[in-house]
Amino acid sequence: MIFLKHIELTLTTLLLLLLLLLLLATAGCAPRPGSQALSVVSRADATSSRQVSVTVATTRARDAITGNYSHNRAPKLNFEAFTISIPPTHKVTEIEWPKPKPDPQTSFAVTDRQILREFSLNTGPSGKRDILIFVHGYNYTFAESLFRLAQVAADGNLEEAPILFAWPSAASMTGYVADRDAAIYSRDDLVHLLTVVAADPGIGNITLFGHSMGGWLVAEALRQLRLSGQNKVIERLENVVLAAPDIDTDVFRRQIQTIGVLTPPMTLLVSPDDRALKLSERLAGSRGRVGTRDASDPRVQALAAANGIRVVDISSVDALDGSNHNRFAALMKVLPGATRATFASLAHAGTFILEPISATLVVPRP
């Protein structure tokens with residue numbers, strides 16, 4: 001009987017993985033970008049394009065010859081500065097991928113990249129520079145995480161300097177467990193990065209933004225900072241946002257109890273119709289994920305009030321694909337140039353629903 005139950009569980013897991021493969025395959029038919037996407041092109045060919053500078057801190061291993069980042073784990077953080085050209089024909093929320101080679105007139109293209117020995121940021125003559133640290137989610141290649149952050153920065157006209165924390169995702173649809181292990185491996189390094197930027201007098205406000213499994217990594221880093229008594233690092237964070245967080249609901253309760261109330265409150269961007277997280281729930285034995293919570297649920301409202309967090313339902317925002325998992329990247333289309341101000345204006349915890357047409361946040365009815 002035990003053997004039969006094991007077979008049934010295995011078949012169920014395989015079925016769920018096949019459903020996940022089908023879901024992600026139908027989300028887009030274009031092949032995933034290869035290493036050629038990061039080939040450096042002349043800036044002279046990108047004179048009519050917008051340039052976005054991104055500083056990278058990564059636990060991915062870097063090939064000493066090609067400079068490409070793999071899914072292998074580096075023994076320590078690697079740092080690099082990239083300049084990315086956004087084509088004149090760019091459409092909001094989209095990443096125009098090279099086909100097959102980068103062309104600044106039609107695709108995202110790297111126009112410069114410089115290896116850094118340690119984290120550094122050019123603050124310029126004006127002094128302090130605000131930053132946004134983006135921690136990507138499950139099933140990302142390095143190029144995908146880099147260009148996604150560049151897209152968000154360009155579409156949102158962000159004043160913050162974009163910083164990418166890239167952990168060694170296997171970039172495989174069946175690599176969920178491997179990615180969770182890679183995120184755990186990278187936890188200490190994210191803590192180190194936060195410690196470094198918090199101590200930098202040239203850095204002003206710090207926004208920490210984690211997507212999907214990256215949200216779990218952010219929460220774990222904050223928990224570790226609190227447990228190690230590094231409260232001043234947490235106090236330096238102006239905003240903490242978890243978008244579609246792939247975190248077990250019970251685990252999150254424990255995390256937030258240790259982290260404590262943040263000022264301003266931590267923000268969760270949720271979508272009850274997030275199909276990727278629904279599959280994650282099934283793979284985890286039908287245990288709920290934070291990113292699929294319903295802001296109208298009295299239990300969610302009580303959780304938000306008790307723990308000093310903000311829960312914002314963004315399910316009315318147009319999804320980028322059939323997974324409904326990347327809506328955060330479309331927020332700039334709904335709230336162009338005002339996303340940070342909109343959420344920062346909410347000085348109190350609670351639950352809210354984002355109305356895309358009016359670009360306002362409303363309190364849901366229980």
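Refer to the structure above for everything that follows.
How each quantity is defined
- Residues numbered from 1 in each chain as written.
- Predicted model: local features only at pLDDT ≥ 70, side-chain atom pairs only at ≥ 80, totals over all residues.
- Heavy atoms only, no water.
- Helix = DSSP H or I, 4+ residues; strand = E, 2+ residues; numbered from the N terminus.
- Buried < 20%, exposed > 50% of the residue type's maximum accessible area, 1.4 Å probe, protein only.
- Polar contact = N/O pair within 3.5 Å; in protein donor to acceptor, adjacent residues only side chain to side chain.
- Arc of directions from axis to C-beta.
- Contact = heavy atoms within 4.5 Å.
- Axes fitted to C-alpha atoms, helices over the stretch in contact; angles between N-to-C directions.
- Parallel < 35°, antiparallel > 145°, perpendicular 65-115°, else oblique.
- Left-handed = near helix turned anticlockwise from the far one by under 90°.
- Phe/Tyr/Trp six-rings, centres within 6.5 Å; stacked < 30°, edge-to-face > 60°.
- Lys NZ or Arg CZ within 6 Å of the ring centre and 35° of its normal.
- 1 Å grid on protein atoms, 1.4 Å probe; cavity = no way out; pocket = protein on both sides within 12 Å on 5 of 7 lines; lining within 4 Å.
- Points joined across faces, edges and corners; volume = space filled by probe spheres on them.
- Nonpolar A, V, L, I, M, F, W, Y, C, P; charged D, E, K, R; others polar.

Here's the deal with the environment of Thr195
At step 1: The topology assignment puts Thr195 in helix α4 (residues 187–199).
At step 2: Classification of Thr195 as partly exposed rests on a relative accessible area of 28%.
At step 3: For the pair Thr195 and Lys232, spaced 37 residues apart in sequence, the C-alpha separation works out to 9.1 Å.
At step 4: At 3.3 Å, the side chain of Thr195 and the side chain of Gln230 are in polar contact.

Notes on helix α7 (residues 249–259)
At step 1: Within the sequence span of α7, burial applies to Thr249, Phe252, Gln255, Ile256 and Ile259. Projection of α7 onto a plane perpendicular to its axis shows the buried side chains occupying an angular sector of 110°, all on one side. Away from its buried face by more than 90 degrees, α7 exposes Arg254 and Gln257.
At step 2: Where α7 is buried, its residues meet α5 (213–227), β7 (237–243), β8 (266–270), α9 (298–307) and β9 (309–313).
At step 3: The opening residue of α7, the one whose side-chain oxygen lies 2.8 Å from the backbone nitrogen of Asp250, is Asp248.
At step 4: The positive-phi residue at the C-terminal boundary of α7 is Gly260, with phi of around 85°.

Looking at the packing of helix α3 (residues 176–185) against α5
At step 1: Remark: α3 packs on α5, axes separated minimally by 10 Å, with the N-to-C direction vectors making an angle of 25°. Viewed along their axes, α3 and α5 adopt a mutual orientation that is roughly parallel. Handedness of the crossing formed by α3 with α5: right-handed. Where α3 abuts α5, its residues Tyr176, Asp179, Arg180, Ala183 and Ile184 lie against Met213, Trp216 and Leu217.

Description of the packing of aromatic side chains
At step 1: All told, the structure shown has 9 aromatic pairs when counted by the stated rule.
At step 2: Seen in terms of ring centroids, Phe82 and Phe142 are 5.8 Å apart; in terms of plane orientation they differ by 50°. Their pairing is tilted. Of this pair, Phe82 sits in strand β2 (residues 69–86) while Phe142 sits in helix α2 (residues 142–155), and the two are 60 residues apart along the sequence. Grouping residues by exposure puts Phe82 and Phe142 together as buried.
At step 3: In textbook terms, an aromatic cluster arises when at least three aromatic residues are bridged by ring pairs, as seen for Tyr69, Phe82 and Phe142.
At step 4: Against the face of Tyr185 rests Arg73, its NZ or CZ located 5.5 Å from the ring centre.

Focus on empty space enclosed by the protein
At step 1: Summed over all chains, the structure comprises 2 cavities of 30 Å³ or more.
At step 2: Roughly 50 Å³ of internal volume is contained in the largest cavity.
At step 3: Of the residues assigned to the lining of the largest cavity, the class counts are 6 nonpolar, 3 polar and 2 charged.
At step 4: What the second largest cavity holds in volume is close to 40 Å³.
At step 5: For the second largest cavity, the full set of lining residues is Ile234, Leu237, Glu238, Asn239, Val240, Leu262, Thr263 and Pro264.
At step 6: Counting residues per element, the lining of the second largest cavity draws most heavily on β7, at 4 residues.
At step 7: For the lining of the second largest cavity, a count of residues per class yields 5 nonpolar, 2 polar and 1 charged.

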